[in-house]
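Residue strings, one per chain:
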Amino acid sequence: SGDPEMVRAMTFRLTREPKILHYVDPQGNRKATPPKYILHLRAMPLPMAAARQLAATFGTNRGAPMLSDGRTVEVPGADLPALPPALEMPEETEPECPTDLVSDAAPVGPDLGQKAAWAKQLEEAAALGKNPALVEKTVCRDVSQGEVSCFQDLDGTSQAQEAVEKIAALIAEWRKNAAQAKQPEPSASAAPAPQAKPRRAAGKSANNGLSF
């Protein structure tokens, strides 16, 4: 028909067809993928006689709404009636740029300084005879309301610093208790030592004047 708008009168079928795609791996080798199912929009077969009849119908009802089989709906006049103000499409506005790099992304984790301080505190806890894994799990679950058990999963803006301060307070308490345990208890007053019996002085016997 020579009319580009005639495509609106055509009937298309949406198909899902397998196709093998090719790509180049990091080593520069060309490889094939397993079959991928690609969507296609295929025009239905249309004989010449049917095409001429469709073109004539389309030319008569240009601009009118169409049904799925290509038939137009006859409406009086060449132009469609204007939409009422309530149904007009609102003007498009640009979406606000998200504050995060990716919207709804996980919070930023601890920084290098917080990780270093945490590792040092765990070493001190181990030196005091505590289980580092148990200490980390307990402190992290405390500051995250039970949601996180590992330090690297904490929110670096608030939870990580709170965890470092909490474990530091625990270590200070453990050191204080250990120092008190090492102090000797005051001993009771010693009982007076028993007096030794006086030793009998060596003398001479009355018998023959011999000493023993």
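The structure this text deals with has already been given above.
Everything quoted here is computed from the prediction, not taken from an experiment.

## Digging into the packing of aromatic side chains
So, step 1. All told, the structure shown has one aromatic pair when counted by the stated rule.
So, step 2. Seen from their ring centres, Trp-118 and Phe-151 are 4.5 Å apart, and the 5° between their planes marks the pair as stacked. You can see Trp-118 sitting in helix H2 (residues 112-127) and its partner Phe-151 sitting in the loop between helix H3 (132-143) and helix H4 (159-182), a full 33 residues away along the chain.
So, step 3. By relative accessible area, which is 4% here, Trp-118 ends up buried.

## A few points about the environment of Ile-171
So, step 1. Assignment of secondary structure puts Ile-171 in helix H4.
So, step 2. For Ile-171, a relative accessible area of 2% puts it in the buried group.
So, step 3. Put simply, Ile-171 and Lys-130 are 41 residues apart on the chain and 9.7 Å apart in space, counted from C-alpha to C-alpha.
So, step 4. Not counting the four nearest positions on each side in its chain, Ile-171 is found in contact with Gln-121, Glu-124, Ala-125 and Leu-128.

## Regarding the environment of Ile-20
So, step 1. Tracing the backbone through its elements, the reader meets Ile-20 in the loop between strand S1 (12-19) and strand S2 (22-24).
So, step 2. Taking the C-alpha atoms as reference, Ile-20 lies 9.7 Å from Ile-38; in sequence the two are 18 residues apart.
So, step 3. The contact partners of Ile-20, leaving out residues within four places of it in the chain, are Ala-32, Thr-33 and Pro-35.

Parameters at a glance
- Residues numbered from 1 in each chain as written.
- Predicted model: local features only at pLDDT ≥ 70, side-chain atom pairs only at ≥ 80, totals over all residues.
- Heavy atoms only, no water.
- Phe/Tyr/Trp six-rings, centres within 6.5 Å; stacked < 30°, edge-to-face > 60°.
- Helix = DSSP H or I, 4+ residues; strand = E, 2+ residues; numbered from the N terminus.
- Buried < 20%, exposed > 50% of the residue type's maximum accessible area, 1.4 Å probe, protein only.
- Contact = heavy atoms within 4.5 Å.

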